[in-house]
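# Summary of structural features
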Protein chains: 2
Amino acid sequence: MMRWIASDPMNRSRFPIEDWRLVELEPSVDDLGVTETLFSVGNGYLGMRANPEESRKSYAHGTFINGFHETWNIKHAEEAFGFARTGQTIVNVPDAKIIKIYVDDEPLTLGISDLDSYERALDFRGGCLTRELVWRTPAGKRVQLRSRRMVSFTDRHLALFEIELTMLEGDAPVVLSSQLVNRQDGFDDYRQPKTDDGFDPRRAGQFQGRVLQPRGQWNDDQRIALGYETTDSGMRLVVAAEHTLETSNAFEVVSRVEEDQAKLVYRVEARAGAPIVLRKAVAYHTSRGVPPLELFDRCRRTLDRVRERGFESFFDAQRAWLDEFWLNTDVEVMGQPAVQQAVRWCLFQLAQATARSDQMGIPAKGVTGSGYEGHYFWDTEIYLVPFLIYTAPRIARNALRYRVGLLPKARERARILGQEGALFPWRTINGEEASAYYAAGTAQYHIDADIAHAFAEYCNVTGDKDFMYRDGAAVLAETARLWADLGFWRQEADGSRRFHIHGVTGPDEYTAVVNNNMFTNVMARANLKRAAELMREMERDESRAFARIVSSLGLTEAEIREWEACAEGMVIPFDETFGIHPQDEKFLTSELWDLEKTPADKFPLLLNFHPLVIYRFQVLKQADVVLALFLQGDQFSLEQKRADFEYYDPITTGDSTLSAVVQSVIAAEVGYQEMAMQYFLTGLYVDLADIHANARDGVHIASTGGVWNALIFGFAGMRDYHGRITFDPRLPKDWEAMRFPLQIRESRVRVLLERDAITFDMEFGGPLELEVRGRKYEVVLGESVRVGLLGQGEELPSLTGLKPVTGGRPVTSGRRADGSVVTAILPEVKDADPE
Amino acid sequence: MMRWIASDPMNRSRFPIEDWRLVELEPSVDDLGVTETLFSVGNGYLGMRANPEESRKSYAHGTFINGFHETWNIKHAEEAFGFARTGQTIVNVPDAKIIKIYVDDEPLTLGISDLDSYERALDFRGGCLTRELVWRTPAGKRVQLRSRRMVSFTDRHLALFEIELTMLEGDAPVVLSSQLVNRQDGFDDYRQPKTDDGFDPRRAGQFQGRVLQPRGQWNDDQRIALGYETTDSGMRLVVAAEHTLETSNAFEVVSRVEEDQAKLVYRVEARAGAPIVLRKAVAYHTSRGVPPLELFDRCRRTLDRVRERGFESFFDAQRAWLDEFWLNTDVEVMGQPAVQQAVRWCLFQLAQATARSDQMGIPAKGVTGSGYEGHYFWDTEIYLVPFLIYTAPRIARNALRYRVGLLPKARERARILGQEGALFPWRTINGEEASAYYAAGTAQYHIDADIAHAFAEYCNVTGDKDFMYRDGAAVLAETARLWADLGFWRQEADGSRRFHIHGVTGPDEYTAVVNNNMFTNVMARANLKRAAELMREMERDESRAFARIVSSLGLTEAEIREWEACAEGMVIPFDETFGIHPQDEKFLTSELWDLEKTPADKFPLLLNFHPLVIYRFQVLKQADVVLALFLQGDQFSLEQKRADFEYYDPITTGDSTLSAVVQSVIAAEVGYQEMAMQYFLTGLYVDLADIHANARDGVHIASTGGVWNALIFGFAGMRDYHGRITFDPRLPKDWEAMRFPLQIRESRVRVLLERDAITFDMEFGGPLELEVRGRKYEVVLGESVRVGLLGQGEELPSLTGLKPVTGGRPVTSGRRADGSVVTAILPEVKDADPE
């Protein structure tokens, strides 16, 4: 169900279009939560929401460290065997952003203070957040304030703050109070705004009692530091800040530390025209095993390095790092400056979420908020890893390494669920299943196949066989083993024997615990097949890793043959009447949800209807069959894809932000170009225009990855089945051209897509074989390959006319594989006259 | 899956057979929990576990008042719209049973003290618990102790205790310390024994913080009293005790009260041979709205009445009440003294659970324990109301009245679930849904049809039209309305239009949230039909109640026609291959659970496997289709019933105690007489022999009701479809005869079933038309109708040979309607060779 959005849904008088920055020209306290998210800075390890240094009012004063979490016992209102036991919630670590500003003892307070000018900008190339404003104090004095803030991509423990304050008119006593504050334990009302007594399962849970136990404080007249240990999970953290003040004005400094607050206060006798520059370098170090004392030392060393190399050198290093980043990732969209800016914001968010996640997972909100409790989901493998594979394979490998480390716990979890092999947790930080609602959690067994898929893709595209043999093989084998054990053989009415998988939930969480979910079966089939292929390949290579895996997993030829048989016999549900793949065996027997009659304020459905009600209907939260058509597209004909898309699109609410970008890719492929653009824009602006009204909880990182997918796989029409790179582009009709780099097997090729041609330039490495619309081309270093294009794919009218009609009559919907429209034998709505 | 049990599984050296008492000859601390349950006393309002007056050691010092509960906010680990919000848990009210006994300052402590003799007995005719023992004190003195305890059937707020202590040899100082103690808030470790870190969802939840807030204390040298109010639910309670000491020995008395304890202590200079008799009368009064002060007054009045009428008169009244009870309920089993005793224990438990439940529900454990948190379920309507209808119609009416009172909240709940009409809570005390695990809770919509069924049966058998018109009509109409709204019409492949009900759970909780659960659809069909019939009948009668219901519910002729159409079009799933009713649409497509290979310690499955695992298989917790065959038996042929029974019996674990008694009834009907007996014994001894290893948590009241069902509907072969009373008996082959009374339409008939005849004697009322094997007989007052019987039904061998074979081969199971055995096209087990 497509919702039309304006091609540029942002308020441009407040957020003007710029190529390389997101800029805000007016401060507002009305959407603090959203702007805190949009302008946040981070590096994948450490993230800070965009609360101004001096601010009091906020939606959420948030600072997050990837994986730094507290654990708690999940108390199920009714227990059952095997339910998740350990809750895991990312901690709001002590806030180091604070530098309160007083002129004539009057505080600067956005939303109250009188500002002559204001600009705040997130700089995608400089990698920092800047602000510049002129404040007219109550006494009529004018104060110029400039600030810069960054979280370093090169030094992941480091954040830098710089404030330059100048009295433009009049002298005044100025106070700058730099602080470290433990907001998690009471200095803040973050997480659940007190006025909001509704609930939203996508927000973080609540702790009981103190989370951070004080483990030391330290101060002198330049440095302040606080140490903590989490009460239950036993993680340790130290945050320390180093300060230097540069000014010709007279000043004095005092510092003080307490358990939950450290302060360093400058009192300056500011004269007009004499700038005051305060530089604050902040180091965060965390560990599970190291004592807090050592973390104090580590912070000291990080801060010493800043002192040695100089503050500015880190801003330079940041810019250099980003130069390289943009060289590898930038997607240029010619003739579309608004889209261009939004695309770059998305790509910059991907850097901020993944650059230094190192060998941890990537939380659903990156490090921009505590939404989804800082958990890692399947999003990483399906929405982020493709981007990483083609732009930063080293980071992709790190993300996959994280899963390798989870294997022992995934094996344990499989045992609890009564299965062989490994079952990865649906949501987790520490590797244990943290999904307390199994129907839309643990039941999503497909995460095993998603992870296996990402390993296969990584290996196909990068050619990194070593990693696949050494680390990937166990993941593929153990996931294949799970599928072979989970499913069962059944003799069908026609005498054939097929492999069935019962009792699972697919990606679409509006239908739960079903038999033969199409997505799951398709992905499991690929998982089984790829695992068997890999084992055979390793055996042929006489790899030492093969001997190791055979002995450690007790692998036999018979088991590999079983995987092949399971893949071969896998049921892929197909309905002959509609010529479509039912989402699960019984999906088409259910009633249609009347989306047309559902008022706008009843979306998302999950916040307004009991799961039992939602599960009873044909209605989707997000692409499910359609996602399978994307990820395993070589298994389906174009006609099948079109029929499926036409059937599912009208009943897909897109209540999940994971939906639009996938709908966009397949809409482009099957010929609905206008819909592809609409879905693309929905994904592109999901946070920038706050389309789902929850950008305040953090950036939808998977959706930013999905935007890249929509650009490359949707509009550029790239596919990479089994490592074969092909293009069948559909450049949007209003776009002049687009250009982007791809890293493939240790080479980088830049792709220019224009209206009448696609051009490949090898920037390093090569040669490389690429296909455009079925023809092969070899691209070598130093040569440009230009392939002419006659048109850019089919262009069908939008699907609006095919929306299911549910006003009391049988539904008409669905286009047969031959293109004819089927008047469906579908459930009628219940209020039809029963006579 | 039948498990063979010994025909008399009780230890007879400890629990000898007696006709009218359950007797214990040896005390034991090893199974305290079980004996506390078996010997508990109660009247449906107030219940006391059988902790000895002096005892310290216990499994659970429990005293319960039906409906006296505390509420708490359910904290779901992951929230969703419409999840139950308010937890409700029965409170362990202050313990008034305590009379500690010291001789020469030595305490009497069972399990430690040296006893010369011991007997404890629950007297089914006297309605009291008696004990008699001789204690040899450490100083070698011999003390005789006799005690009686009862909870009054005639005065529901009253419990009486009497202790007679006599020094048989030697004088000694004797102390009797009578107490009232608030165990709920810390004087006791009841609920979760500290050493048990496992979980059992069938046990009660835990409170946080104080439950009972002190609201006054009172004492003089005869009376002590404590008042409380529950912290969250705001219910009030006062307990008061009156004491009299009768002895020729010198004594003094002191009393003291504190917030959580009241004591009245007698110090007696006991001389050998001079008895000391302590009588303690206890009154409990509770209320939601009345202030505690008034409850103190009510207790005082209850105790004054005891003082006036004399202690003994209440024991006499108790016996008189029970004389009448047995006249109306006793099922005599001739030639089977062990069975006879157990049957009477079950019937006595039914009295203790229902006699004074008045217009509250009947908790799953009666008032004998806090299992299932004191909640009311569908058990009342399906397992207890039939017994009550035929033996105590006034109490049946009270139980149904309770549901009438819930209608407003049931309407609210339906709205939350997006439905018209009323949806009764799956488990509740205060009327709000308290089921925190919806898949095996809220999803059991069938409770609506179960309640409607009970109303219909009540009206059919008693002829109490007034009640049906005034109170039952709204219940039937609102439940019918729910079904009509919940289901939907679909055009089938053959062009017909059928009414489908999706996304519900049937009685069998090992399969959840399915489409077209056979039990639900069959019961909903009856609900819709009966509601329409009732409306038409009321209209014909020009009843004023009809006008009222039309206006209050906005009922129209069109809606009544819609109910009829829904009933008519209702899908009842049937599988032609097996000739059976699948439990739900997709049930037969699932894999069979390998029960033969499941070790005994993995039962019940629900405590050893994740729900997702259990749901994936064909395996039943309890009768589901088979229960429908019982309740709506006139809708199915004998052959269909036999085929269904043969298919489901081998895959039914009986992990629920609700299962065996239903299996017994249908086994008897379809001809498996030996299985009928085995299932009957499993139900009969479920608590007496602790077959499910959880008798400690309270009596399985539904099962005791089921025992009556098995006797009357199973062995006596009675049916009462639409109020037509028919018999087709199957007297067990080892039984000489059985005799029982039935109240039908204001008459009472006593039925004697012998090997060669069935005889009816009208004791009051009449005449009455009864049918025996298709022939009608009129029974009138003063005449005896004897109908000769040639044999007692078919007798097939047990089903063991038909158990599904799941050891790697296709299953053979299922007998076709024509009696032939089908080699089934069934799922194979997964570890079959895939080649």
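So, a few notes on the structure that sits alongside this text. Nothing here was measured: the structure is a model prediction, and the numbers come from that model.

On to the packing of aromatic side chains, then. A complete count under the given rule lists 68 aromatic pairs over all chains for this structure. One aromatic cluster is present, formed by Trp20, Phe124, Phe153, Trp321, Phe325, Trp326 and Phe348 of chain A through successive ring pairs. The cationic tip of Arg156 of chain B hangs over the ring face of Tyr45 of chain B; the distance from NZ or CZ to the ring centre is 4.5 Å. The ring of Phe161 of chain B has Lys280 of chain B lying over it, and the distance from NZ or CZ to the ring centre is 5.9 Å.

To continue, consider unusual backbone geometry. The step from Gly766 of chain A to Pro767 of chain A runs through a cis peptide bond, and the omega angle for that step is -5°. Within the secondary structure, Pro767 of chain A sits in the loop between strand 29 (757-764) and strand 30 (768-772). Of note, Glu542 of chain B is a non-glycine position whose phi angle comes to about 50°, a positive value. One can find Glu542 of chain B in the loop between helix 10 (518-540) and helix 11 (544-553). Relative accessible area serves as the criterion here: at 70%, Glu542 of chain B is assigned to the exposed category.

Further remarks concern the relation of the copies chain B and chain A. Relating the two copies of this chain is a rotation about some axis coupled with a shift parallel to it. The two copies are related by a screw operation: chain B maps onto chain A through 180° of rotation and 0.1 Å of translation along the axis, at an RMSD of 0.1 Å. Accordingly, the operation relating the two chain copies is best matched by a two-fold axis. Residues of chain B ranked by C-alpha distance from the rotation axis are headed by His76 of chain B, positioned 3.0 Å from it.

With that out of the way, let us pick up the sheet that holds strand 31 (residues 775-779) of chain B. Residues and elements named next belong to chain B. Read across the sheet, four strands follow the order 25-26-30-31 without closing on themselves; strand pairing throughout is mixed. Every interior strand has two partners, whereas the edge strands, strand 25 (718-719) and strand 31, have only one. Two strands pair when backbone bridges link them, and strand 26 (residues 726-727) and strand 30 (residues 768-772) are joined in this way by two bridges, in the parallel orientation. Bridged to Phe727 within strand 30 is Val772.

This next bit is on the pairing of strand 22 (residues 497-500) of chain A. Residue and element names in this part refer to chain A. Note: strand 21 (residues 488-491) against strand 22, four bridges, orientation antiparallel. Residue pairing across strands places Gln491 opposite Arg497, the latter belonging to strand 22. Joining the antiparallel neighbours strand 21 and strand 22 is a turn of five residues, in which Gly495 adopts a positive phi near 90°.

Hydrogen bonding along the main chain pairs the strands of a sheet, whether they run parallel or antiparallel. Residues and elements named next belong to chain A. One open sheet accounts for four strands, arranged 25-26-30-31; its pairing is mixed. Two strands close off the open sheet at either side, each with one partner strand: strand 25 (718-719) and strand 31 (775-779). Strand direction decides the pairing type here: strand 25 and strand 26 (residues 726-727), joined by two bridges, are antiparallel. The partner of Met718 across the bridge, within strand 26, is Phe727.

On to the pattern of salt bridges. All chains considered together, the criterion is met by 132 salt bridges over all chains. Residue Arg561 of chain A pairs with Glu557 of chain A through a salt bridge whose shortest N-O separation is 3.8 Å. Taken together, the residues Arg561 of chain A and Glu557 of chain A, both in helix 12 (residues 557-569) and four residues apart, mark about one turn of the helix. Note that Asp95 of chain B and Lys97 of chain B form a salt bridge whose closest N and O atoms lie 3.1 Å from each other. The exposure class of Lys97 of chain B is buried, given its relative accessible area of 1%. The structure contains a network of salt bridges with shared partners spanning Arg148, Glu162, Glu246, Arg279 and Glu312 of chain A.

Counting from both sides, the interface comprises 66 residues of chain B and, opposite them, 66 residues of chain A. Contact between chain B and chain A buries roughly 5700 Å² in total, counting both sides, with carbon and sulfur atoms accounting for 57%. Scanning the region where chain B abuts chain A turns up two salt bridges. Our count for the contact surface shared by chain B and chain A stands at 16 residue pairs in polar contact (both at pLDDT 80 or more). Split into classes, the residues belonging to the side of chain B that touches chain A amount to 32 nonpolar, 15 polar and 19 charged.

Residue and element names in this part refer to chain A. With respect to the element layout, Gly431 can be found in the loop between helix 7 (393-416) and helix 8 (446-462). Residues Gly431 and Trp378, 53 residues apart in the sequence, show an inter-C-alpha distance of 13 Å. Residues in contact with Gly431, not counting those within four places in the same chain, are Gln88, Tyr402, Leu406, Lys409 and Pro425.

Residues and elements named next belong to chain A. Between its first and last C-alpha, helix 7 extends 34 Å over 24 residues, near the 34 Å set by a 1.5 Å rise per residue. The largest bend along helix 7 measures about 50° and falls at Leu407, with the proline Pro408 one to four residues further on. Looking at the residues trailing helix 7, positive phi occurs at Gly418, about 80°.

Thresholds applied
- Residue indices follow the written sequence of each chain, beginning from 1 at its first position.
- Lettering for chains starts from A, numbering for ligands starts from 1, and both go in the order in which the items are written.
- Totals for whole chains, interfaces and linings use all residues, but because this is a predicted model, local features are given only for residues with pLDDT of at least 70 and pairs of side-chain atoms are given and counted only at 80 or more.
- Here the side-chain values reflect all heavy atoms present in the structure, with hydrogen atoms and water set aside.
- Only rings of Phe, Tyr and Trp enter the pairing, Trp through its six-membered ring, and a pair is recorded when the two centres are within 6.5 Å. The plane angle decides the type: under 30 degrees is stacked, over 60 is edge-to-face, the rest tilted.
- Two limits define a charge over a ring: the Lys NZ or Arg CZ must be within 6 Å of the ring centre, and within 35 degrees of the ring normal.
- We count a stretch as a helix when DSSP gives it H or I for four or more residues in a row; a strand needs E for two or more, and each element gets its number in order from the N terminus.
- Whether a residue is buried, partly exposed or exposed follows from its accessible area with a 1.4 Å probe, protein chains only, as a fraction of its type maximum: under 20%, in between, or over 50%, in that order.
- Least squares is the method for superposing the copies, and the C-alpha atoms it fits come from residues with pLDDT of at least 70 in both.
- A pair of strands is treated as paired once DSSP finds two or more bridges between them.
- What makes a salt bridge here is a side-chain nitrogen of Lys or Arg within 4 Å of a carboxyl oxygen of Asp or Glu, nothing more.
- Residues count as neighbours in contact if any of their non-hydrogen atoms are within 4.5 Å of one another.
- Note on terms: buried area is the combined drop in 1.4 Å-probe accessible area of two parts once they are placed together, counting the loss on both.
- Here a polar contact means two N or O atoms within 3.5 Å. Within protein one must be a hydrogen donor candidate and the other an acceptor candidate, and residues neighboring in sequence count only if both atoms are side-chain atoms.
- For this classification, Asp, Glu, Lys and Arg are treated as charged, while Ala, Val, Leu, Ile, Met, Phe, Trp, Tyr, Cys and Pro are nonpolar and the rest, including Gly, are polar.
- For a helix, the expected span equals 1.5 Å multiplied by the residue count minus one.
- The term bend refers to the angle at a residue between two fitted axes, each drawn through seven residues, those ending there and those starting there.

Note that all results are geometric; they support no functional claim without further evidence.
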